[in-house]
Amino acid sequence: MQIAVPPLIARACEILSDAGFQAYVVGGAIRDSLLGLEPTDWDIATDARPEQVEAVFERAIPTGKEFGTITVILEGNPVEITTMRRDGPYSDGRRPDYIILTDRLKEDLSRRDFTVNALAYDPQTKRIIDPFQGRWHLRRRILATVGDPEDRFREDPLRMLRLVRFQSTLGFKIDKKTRLSLPGLARLIAKVSPERILSELNRTLLGRELFQGLQTLFTGGLMEHILPELSAGHTVSPGPSHPYDLLGHAMAAAHYAPPVLELRWAALLHDVGKLETLKRDHARISAQWAEDILRRLHGSNSLIHKVSTLIAHHMFSVHPHSSDREIRRFLAAVGTQTAFELVKLRQADMAGMNADPRMIIDFGQSLEARFKELLTQKQALGIRDLAVDGHDLMHALDLNPGPLVGEILRRLLEQVLEDPSLNQREQLLELARSYQASLLQNGK
Ligand code: ATP
Ligand code: MG
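Residues numbered from 1 in each chain as written. Chains lettered and ligands numbered in written order. Predicted model: local features only at pLDDT ≥ 70, side-chain atom pairs only at ≥ 80, totals over all residues. Heavy atoms only, no water.

A few points about the overall build of the protein chain
When you go through the protein chain residue by residue, the secondary structure sums to 22 helices and eleven strands. In terms of overall dimensions, the protein chain has C-alpha extents of about 90 × 55 × 40 Å along its principal axes. Within the span of the protein chain, comprising 444 residues, buried residues form 51% of the whole. Expressed as a percentage of contacts within the protein chain between residues at least 6 apart in sequence, the contacts between residues at least 24 apart total 65%. A total accessible area of about 21300 Å² is found for the protein chain, and carbon and sulfur atoms account for 50% of it. If you average the places of the 56 positive and of the 58 negative side-chain charges in the protein chain, the two averages end up 4 Å apart. (Helix = DSSP H or I, 4+ residues; strand = E, 2+ residues; numbered from the N terminus. Buried < 20%, exposed > 50% of the residue type's maximum accessible area, 1.4 Å probe, protein only. Contact = heavy atoms within 4.5 Å. Areas by Shrake-Rupley, 256 points an atom, 1.4 Å probe, with all protein chains shown as cover. Lys, Arg positive; Asp, Glu negative; His and termini not counted. Charge placed at Lys NZ, Arg CZ, Asp CG, Glu CD.)

Here it is as structure tokens:
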């Protein structure tokens, strides 16, 4: 099997080879190519030491020199080249204490996490080098560690989450010995930094076999350490109409949500607050918990904000037969983009309780159609859409800049949301004047 190595990568290998060094394409790119997927990045392994790599290429940046990685610039593009190595002991369970450079490819492949990631390709001879049955596992769609899983997970517990991530993204099964080693080692995940945990969880969440990945996260004992609020749901019922327990419902909802990070997180965490209350207020509590969880994992402010906003509104009450007024108010309250996302979230929520697929599709399509219909009418949904602005008010009502201007605008919007025909300059100024007069009368 030939690997379609991009010309730039082939060129980098050729330059190394002409200088008398070995050069192989390694890791995920070979795995993905053999699976017929488009590789995300191409990594090169060589026996040239980092300073030799720097000497061979005109432009080189030592991006990870302590682990032997140099980024060279070829025809304006960055290419990562890593010196082959063995890892020294991992006394902190995070990074090897030291590395030992090697000129033996097999040694370099043996430090890699899973057999399907321990494949190399020699662009000169066009041969695949596969000392750990990686291709056999690829064909059978199995994830197994290179060497003893206990040792490999103990060395670097992050690999347990990489395992879950690859299960979710590739949809592979996990080799029995690898799988059975998880519960005894799961607590070691506490050694991994929140950023790295979140990064693997994010990639897991975008996988097409998310449900399976989440199952391993739970049965492998990892979830109770990194998302304890979620895993606690396995003994709780989310309510009378639900066929699954709270955890199963959350997992299924996340699986059925479109593969968009905020939506998947929102679906996964939308009901966590039900551990505290099954009442409607669970949306607010879940949103708060989701915020706490994502903050603990050092999520970005924008992720936290989007996820908690979606969760806070997930019990929204508009439906395809709501009045124009109700739908207008909903769109104005949550914003149009969020409104469409909330429909997707509701559909995922319904799928997570095993609702009839026909019903789920109908609900989504009809409600989105209502939103679109109102949006094409270009009715005012925010202060910016009003036929007057702050300057108009200040001028017409002889007001100075201040909070009163904003208050009047908000009041006008309220009325326009009730009756869009009011959104005309003269009418709004008239309303504003009478509001001002009523304030004066009330002695404000
Ligand atoms: P993708 O690029 O799609 O995330 P990948 O397999 O290329 O998948 P990378 O994180 O880019 O993953 O790592 C490149 C290679 O380095 C992997 O294929 C694997 O061989 C090795 N590797 C990465 N992280 C580890 C780790 N924590 N332990 C052992 N080997 C690892
Ligand atoms: Mg990669």
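On we go from here.
So, the site of ligand 1
Among the 16 residues in the neighbourhood of ligand 1, the closest are listed as Arg31, Asp156, Arg159, Arg165 and Arg203. One of the side-chain nitrogen or oxygen atoms of arginine 31 is found 2.7 Å away from an oxygen atom of ligand 1. A distance of 3.0 Å separates an oxygen atom of ligand 1 from a polar backbone atom of asparagine 117. Taken by itself ligand 1 offers 580 Å² of open surface, and the protein chains cover 82% of this. Secondary structure elements with two or more residues in the shell around ligand 1: helix H2 (28–34) and helix H7 (158–170). (Near = heavy atom within 4 Å. Polar contact = N/O pair within 3.5 Å; in protein donor to acceptor, adjacent residues only side chain to side chain.)

Description of the sheet that holds strand S8 (residues 120–122)
Within the open sheet, the seven strands sit side by side as S3-S4-S5-S2-S1-S8-S9. Their pairing is mixed. The sheet is open, and its two borders are formed by strand S3 (60–64) and strand S9 (127–129), each paired with just one other strand. Neighbour to neighbour, the strand axes of the sheet diverge by 35° on average, direction disregarded. Relative to S9, S8 runs antiparallel, the two sharing three bridges. Of the residues in S9, the one forming a bridge with aspartate 122 is arginine 127. (Pairing = 2+ DSSP bridges. Axes fitted to C-alpha atoms, helices over the stretch in contact; angles between N-to-C directions.)

Quick word on the nonpolar core
Of all hydrophobic cores here, the largest spans 122 residues; its most connected members are Leu227 and Trp265. Setting aside residues no more than four positions away along its own chain, leucine 227 makes contact with Leu201, Trp265, Leu268, Ile293, Arg296 and Leu297. (Core = buried A, V, L, I, M, F, W, Y, C linked by side-chain atoms within 4.5 Å.)

Digging into the domain arrangement of the protein chain
Each assigned domain of the protein chain is listed here: domain 1 (1–133), domain 2 (141–226), domain 3 (233–367) and domain 4 (383–441). Here the C-alpha centroids of domain 1 and domain 3 sit 43 Å apart. (Domains from an automatic or database assignment.)

Some thoughts on the packing of helix H10 (residues 210–219) against helix H13 (residues 246–256)
One way to put it is that H10 packs onto H13 with a least axis distance of 8 Å and a crossing angle of 145°. Read as a crossing pair, H10 and H13 show a hand that is right-handed. Contact residues: Leu210, Phe211, Leu214, Gln215 and Phe218 in H10; Leu247, Gly248, Met251, Ala252, Ala254 and His255 in H13. Taken together, the residues that form the contact of H10 with H13 break down as eight nonpolar, three polar and no charged. (Left-handed = near helix turned anticlockwise from the far one by under 90°. Nonpolar A, V, L, I, M, F, W, Y, C, P; charged D, E, K, R; others polar.)

Some points on the pattern of salt bridges
One pass over the full model with this rule turns up 29 salt bridges. A salt bridge links aspartate 148 to lysine 177; its shortest N-O distance comes to 3.3 Å. Of this pair, aspartate 148 sits in the loop between strand S10 (142–143) and helix H6 (149–155) while lysine 177 sits in helix H8 (residues 176–185), and the two are 29 residues apart along the sequence. Taken together, the salt bridges that share partners define one network made up of Arg152, Glu155, Asp156 and Arg159. (Salt bridge = Lys/Arg side-chain N within 4 Å of Asp/Glu carboxyl O.)

Considerations on helix H17 (residues 324–334)
Every buried residue belonging to H17 is among Ile327, Arg328, Phe330, Leu331 and Val334, and all of these are buried. The arc that holds the buried residues of H17, viewed along the axis, is 160°, so those residues lie on one side. Structurally, H17 contributes buried residues whose contacts are with helix H18 (336–351), helix H19 (357–376) and helix H21 (403–418). Phi turns positive one or two residues past the end of H17, at glycine 335, with a value near 90°. (Arc of directions from axis to C-beta.)

Digging into the packing of helix H20 (residues 390–397) against helix H22 (residues 425–441)
In the contact formed by H20 and H22, the axes pass within 11 Å of each other and the chain directions differ by 60°. As the angle between them shows, H20 and H22 are arranged oblique. Considering the relative orientation of H20 and H22, their crossing is right-handed. Contact with H20, carried on its side by Asp392, Leu393, Ala396 and Leu397, involves Arg425, Leu429, Ala432, Arg433 and Gln436 of H22 and no other residues of that element. Across the contact of H20 with H22, the residue classes tally to five nonpolar, one polar and three charged. (Parallel < 35°, antiparallel > 145°, perpendicular 65-115°, else oblique.)

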